[in-house]
Amino acid sequence: MWHIDRWDKFKPYGFSVHRCMDWFSRRLLWLEFGAQTKCSRMFDLFLDTVRQIKGIPKMIGMDNGSENGLIGDMQTLLRLLNDEDSAEPTCVLEGSGG
């Protein structure tokens, strides 16, 4: 399971933090500090990581933020295309907080 989040706590200082961690291995898949706050940046980071490791996570966990909508849709689509558990609804877990 990958946990994806964006922190805007540093927004007053002009940047945000984007991160993704594999919960099982505790491997940090990406950590980016930057002024880029567009929703598409998180989506790009997700796709880049999937391409780089040549694999799709079994499940992703993320908050209900608008930046995560595209990622959830892509996760479900990738799982359907790879016929993995028929992309069960649990392949995307959304909750509050990070």
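Bear in mind that the values here come from a model prediction, so they are computed numbers and not experimental data.

Engineer: Give me the overall build of the protein: which residues, what numbers.
Structural biologist: Of the regular secondary structure elements, the protein holds two helices and five strands. Traced from its N-terminal end to its C-terminal end, the protein shows the element sequence β-β-β-α-β-α-β. Taken over 98 residues, the protein has a buried fraction of 38%. Taking the contacts inside the protein whose residues are at least 6 apart along the sequence as the reference set, 45% of them involve residues at least 24 apart. Split by element, the accessible area of the protein, about 5900 Å² in all, is 56% carbon and sulfur.

Engineer: Mind laying out the pairing of strand β4 (residues 60–63), listing which residues take part and the relevant values?
Structural biologist: In the case of a regular strand, side chains alternate between the two sheet surfaces. Residues Ile 60 and Met 62 point to one face of β4 and Gly 61 and Asp 63 to the other, with burial holding for every one of them. Two elements, strand β1 (residues 2–7) and β4, share three bridges in a ladder whose sense is parallel. Opposite His 3, over in β4, you have Gly 61 as the bridge partner. One ladder, built from four bridges, connects β4 with strand β5 (residues 92–95); its direction is parallel.

Engineer: Let's hear about the environment of Arg 19: which residues, and what values?
Structural biologist: Inspection of the secondary structure puts Arg 19 in strand β2 (residues 16–22). Of the polar contacts made by the side chain of Arg 19, one reaches the side chain of His 3; its length is 3.2 Å.

What counts and what doesn't
Residues numbered from 1 in each chain as written. Predicted model: local features only at pLDDT ≥ 70, side-chain atom pairs only at ≥ 80, totals over all residues. Heavy atoms only, no water. Helix = DSSP H or I, 4+ residues; strand = E, 2+ residues; numbered from the N terminus. Buried < 20%, exposed > 50% of the residue type's maximum accessible area, 1.4 Å probe, protein only. Contact = heavy atoms within 4.5 Å. Areas by Shrake-Rupley, 256 points an atom, 1.4 Å probe, with all protein chains shown as cover. Pairing = 2+ DSSP bridges. Polar contact = N/O pair within 3.5 Å; in protein donor to acceptor, adjacent residues only side chain to side chain.

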